[in-house]
Amino acid sequence: MSVMHIPGHDHQRPREVSLEEIQSLMGNCQLCPLGQTRTNLVFGVGNPHARVMFIGEGPGRNEDLQGEPFVGAAGHKLDALLGEAGLTREEIYIANVVKCRPPSNRNPRPAEIEACAPFLREQIRSIWPDVLVCLGNFASQWVLKTDKGVTTLRGKLHQAGHFVVAPTFHPAATIYHPDWEPLLIEDLRRVGTWLAEHPVEGNA
């Protein structure tokens, strides 16, 4: 899929386009039916220069009401677990595969993901993180271009072009499957180890 054309940029390079430009391009997005049923578009939040970007599935009820990702139970769970990777919420950027809540929290449909994905791709290019942590099947499959499930993909770091990719369980899933939480913790610790072993030049 080609790079989305951002007004004022001819051949935009990584980190050239700001998140604000991408968000303003989305505007009151109606590219898929979710635009009709959402309360708020949930663009993303966090450090625009993050080394680690977390990608979830789609907004839930609290996120839809507040216009911010990961503010409900799954968000509190994620906040509690970030320390396992040596990270804080202020250091990361977090966004979802789809920016609008699917009705009744159903799974996003392929056409909805396809309509929304170019914006996520531009967010990734704007931040240009070192690590993408993919929370759940939809993010993992989209980033790694695979139809394998997260239970198969997790447990190791993958390389996708510039990015180190860590597929893991969505924090919401561990609320219903407590036995998955130790695996999510293990995956986050793996990310923390990678970051410690690959310090930013000048921070070593």
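Here, residues in each chain are numbered from 1, in the same order as that chain's written sequence. Note on the predicted model: pLDDT of at least 70 is required for a residue's local features to be given, and 80 or more for side-chain atom pairs to be given and counted; whole-chain, interface and lining totals, by contrast, use all residues. Excluded from the side-chain calculations are hydrogens and water; all other atoms, namely the structure's heavy atoms, are used.

## Focus: the overall build of the chain
Helix and strand assignments come from DSSP, with helices taken as H or I runs of at least 4 residues and strands as E runs of at least 2, each series counted from the N terminus. A count of helices and strands for the chain gives nine helices and six strands. Across its three principal directions, the C-alpha atoms of the chain cover 40 × 40 × 30 Å. Classification of residues uses two cut-offs on accessible area relative to the type maximum, computed with a 1.4 Å probe and protein chains only: under 20% is buried, over 50% is exposed, and between them is partly exposed. Burial analysis of the chain (204 residues in total) assigns 49% to the buried set. Whether two residues touch is decided by their heavy atoms; if any such pair falls within 4.5 Å, the residues are in contact. When contacts within the chain are restricted to residue pairs at least 6 apart in sequence, long-range pairs at least 24 apart make up 70% of them. When the accessible surface of the chain is summed, it comes to about 10,100 Å², and 50% of that surface belongs to carbon and sulfur atoms. The distance from the centre of the 19 positive side-chain charges to the centre of the 23 negative ones in the chain is 4 Å. All accessible-area figures derive from a Shrake-Rupley calculation using a 1.4 Å probe, and residue coverage is judged against the displayed protein chains alone. Positive charge is attributed to Lys and Arg, negative charge to Asp and Glu, and no charge count is given to His or to the chain ends. By convention, the point assigned to a charge is CZ for Arg, NZ for Lys, CD for Glu and CG for Asp.

## Some thoughts on helix H4 (residues 73-82)
Considered for burial, the residues of H4 that qualify are Ala74, Gly75, Leu78, Leu81 and Leu82. Take H4 and look down its axis: the buried residues cluster within an arc of 130°, on one side only. Seen from the buried face of H4, the exposed residues on the opposite side, beyond 90 degrees, are Ala73, His76 and Ala80. Where the residues of H4 are buried, they touch strand S2 (52-56), strand S3 (93-96), strand S4 (131-135), helix H8 (171-176) and helix H9 (181-197). Taken from the helix axis, the directions to the C-beta atoms give the arc we talk about.

## A look at the nonpolar core
Generally speaking, soluble globular proteins have nonpolar side chains that are buried together. Counting residues in hydrophobic clusters, the biggest one holds 37 residues, and the most contacted among them are Met53, Ile55, Tyr93, Leu120 and Ile124. Among the elements that make up this core, the one with the highest residue count is helix H5 (residues 110-127) (seven residues). Sequence-distant contacts of Leu120, that is, excluding residues within four places in its chain, are made with Met53, Ile55, Ala95, Asn96, Val97, Lys99 and Trp142. Think of a nonpolar core as a cluster: buried Ala, Val, Leu, Ile, Met, Phe, Trp, Tyr and Cys residues, connected wherever their side-chain atoms sit within 4.5 Å. By size, the runner-up hydrophobic cluster in this structure holds 22 residues, among which are Ala74, Leu82, Ile94 and Leu135.

## Regarding the state of the cysteines
Note on disulfides: each one is a pair of cysteine sulfur atoms within 2.5 Å. Summed over the entire model, instances satisfying the criterion amount to zero disulfides. The thiol of Cys32 is not disulfide-bonded; the next cysteine sulfur, from Cys100, is found 6.2 Å away. No disulfide involves Cys134; its sulfur sits 15 Å from that of Cys116, the nearest cysteine.

## Some details on the packing of aromatic side chains
Note on aromatic pairs: each is described by the distance of the centres and the angle between the planes. In summary, the pairing rule links any two rings of Phe, Tyr or Trp, Trp by its six-membered ring, whose centres are within 6.5 Å, and it sorts them by plane angle into stacked for under 30 degrees, edge-to-face for over 60 and tilted for everything else. Tallying each qualifying case throughout the model produces two aromatic pairs. Judged by centre distance (5.0 Å) and plane angle (70°), the ring pair of Trp128 and Phe163 falls under edge-to-face. Linking Trp128 in the loop between H5 and S4 with Phe163 in strand S6 (residues 163-168), this pair joins segments that are 35 residues apart in sequence. The same class applies to Trp128 as to Phe163, namely buried. With a centroid separation of 4.4 Å and 10° between ring planes, the pair formed by Phe169 and Trp180 is classed as stacked.

## Section: the pairing of S2
Burial within S2 is extensive, with five of its five residues counted as buried. Alternating positions in S2 separate into two faces, Val52, Phe54 and Gly56 on one and Met53 and Ile55 on the other, with burial throughout. Pairing geometry for S2 and S3, over four bridges, is parallel. Residue pairing for S3: Met53 is matched across the bridge by Tyr93. Note on pairing: DSSP must find at least two bridges between two strands before they are called paired.

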